[in-house]
Amino acid sequence: AASHYGPHLVCVGDGPEREALKRKFAMLGVASRVHLPGRVPHADVPVWIGGADAAVAPYPAVEGFYFSPLKIYEFMALGLPIVASAIGQVRDIVPDGERGFLYPPGNAAALAATISRVITDHAEAERRAENARAWVLEHATWNVRVREILERIAALS
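This structure is a prediction, so every number in the text was calculated from the model and none was measured.

Would you mind showing me how to read the confidence of the model for the chain here?
Atom-level detail of predicted coordinates should not be read off regions where pLDDT is low. Looking at the chain, the pLDDT average stands at 90 and 97% of residues meet or exceed 70. Per-element mean pLDDT across the chain ranges from 82 in helix α2 (residues 45-50) up to 97 in strand β5 (residues 101-103).

This is how it looks when you write it as structure tokens:
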């Protein structure tokens, strides 16, 4: 019964390491706090994410890291506190102290400490999540992107 209280990790999705992760969590004695539902229908994803207290984007340290982390934008739009690796464009999208919580990529101890901070400092986590939601709605929706593209096209005419 005690395992129902406290933090739980939910990893939605599937991949080749899923079974190895299950074994690792069992070996560590934390299997009752880790949930790996696997692949879920796209329409059910908001339900899984909506039940979260925070979203974690633990990107590894990769030289030349460059991509647009769509999941982070989605987490921001949902108003979830975000814990992410301080890497590439993530640093620009989620400035530490402003719209989320960043930690050095690959540093498991720092990741754990940052998640712990989000769990224990509700007011700060909520403040950053509200800032992130407001920012993404103003600067990073599909409507905003389309408007920017159309403005650039019009400027070429």
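From this point, the discussion proceeds with the structure in view.
Got a minute to help me understand the packing of helix α5 (residues 108-120) against helix α6 (residues 122-139) in this structure?
Angle between the axes and distance between the axes are the two parameters that describe a pair of packed helices. Where α5 contacts α6, the two axes come as close as 5 Å, and the packing angle between them is 95°. By the angle class used here, α5 and α6 are roughly perpendicular. Counting all contacts with α5, which are made through Arg117, Val118, Ile119 and Thr120, the residues of α6 involved are His122, Glu124, Ala125 and Arg128. Of the residues that constitute the contact of α5 with α6, the class distribution is three nonpolar, two polar and three charged.

Quick question: what am I supposed to make of the pairing of strand β2 (residues 34-38) here?
Successive residues of a regular strand alternate their side chains across the two faces of the sheet. Only one face of β2 is buried: it carries Val34, Leu36 and Gly38, and the other face, with His35 and Pro37, is open. Pairing of strand β1 (residues 9-12) with β2 involves three bridges; the strand directions are parallel. Residue pairing in the sheet places valine 10 in a bridge with histidine 35 of β2. Viewed along the sheet, the connection from β1 through helix α1 (residues 18-28) into β2 turns out right-handed.

Help me out: how do you make sense of the pattern of salt bridges in this one?
Two side chains with opposite charge may pair up if their charged atoms get near one another. Applying the stated criterion across every chain yields a total of six salt bridges. We note a salt bridge from arginine 99 to glutamate 98, for which the minimum N-O separation is 3.1 Å. Among the residues examined, glutamate 98 registers a relative accessible area of 38% and is labelled partly exposed. Residue arginine 127 pairs with glutamate 124 through a salt bridge whose shortest N-O separation is 2.5 Å. Residue arginine 127 and its partner glutamate 124 are both found in helix α6; the two are separated by three residues, about one turn of the helix. In this structure glutamate 124 comes out as buried when scored by relative accessible area, which is 17%. Members of the salt-bridge network, linked through shared partners, are Asp96, Glu124, Arg127 and Arg128.

Explain the side chain of arginine 99 here, please?
Turning to its location among the elements, arginine 99 is positioned in the loop between α4 (90-93) and β5. According to the relative accessible area criterion, arginine 99 is buried, its value standing at 7%. There is a polar contact of 3.1 Å between the side chain of arginine 99 and the side chain of glutamate 98.

Criteria and thresholds
- Residues numbered from 1 in each chain as written.
- Predicted model: local features only at pLDDT ≥ 70, side-chain atom pairs only at ≥ 80, totals over all residues.
- Heavy atoms only, no water.
- pLDDT = per-residue confidence, 0-100.
- Helix = DSSP H or I, 4+ residues; strand = E, 2+ residues; numbered from the N terminus.
- Axes fitted to C-alpha atoms, helices over the stretch in contact; angles between N-to-C directions.
- Parallel < 35°, antiparallel > 145°, perpendicular 65-115°, else oblique.
- Contact = heavy atoms within 4.5 Å.
- Nonpolar A, V, L, I, M, F, W, Y, C, P; charged D, E, K, R; others polar.
- Buried < 20%, exposed > 50% of the residue type's maximum accessible area, 1.4 Å probe, protein only.
- Pairing = 2+ DSSP bridges.
- Right-handed = clockwise from strand over helix to strand, strands pointing away.
- Salt bridge = Lys/Arg side-chain N within 4 Å of Asp/Glu carboxyl O.
- Polar contact = N/O pair within 3.5 Å; in protein donor to acceptor, adjacent residues only side chain to side chain.

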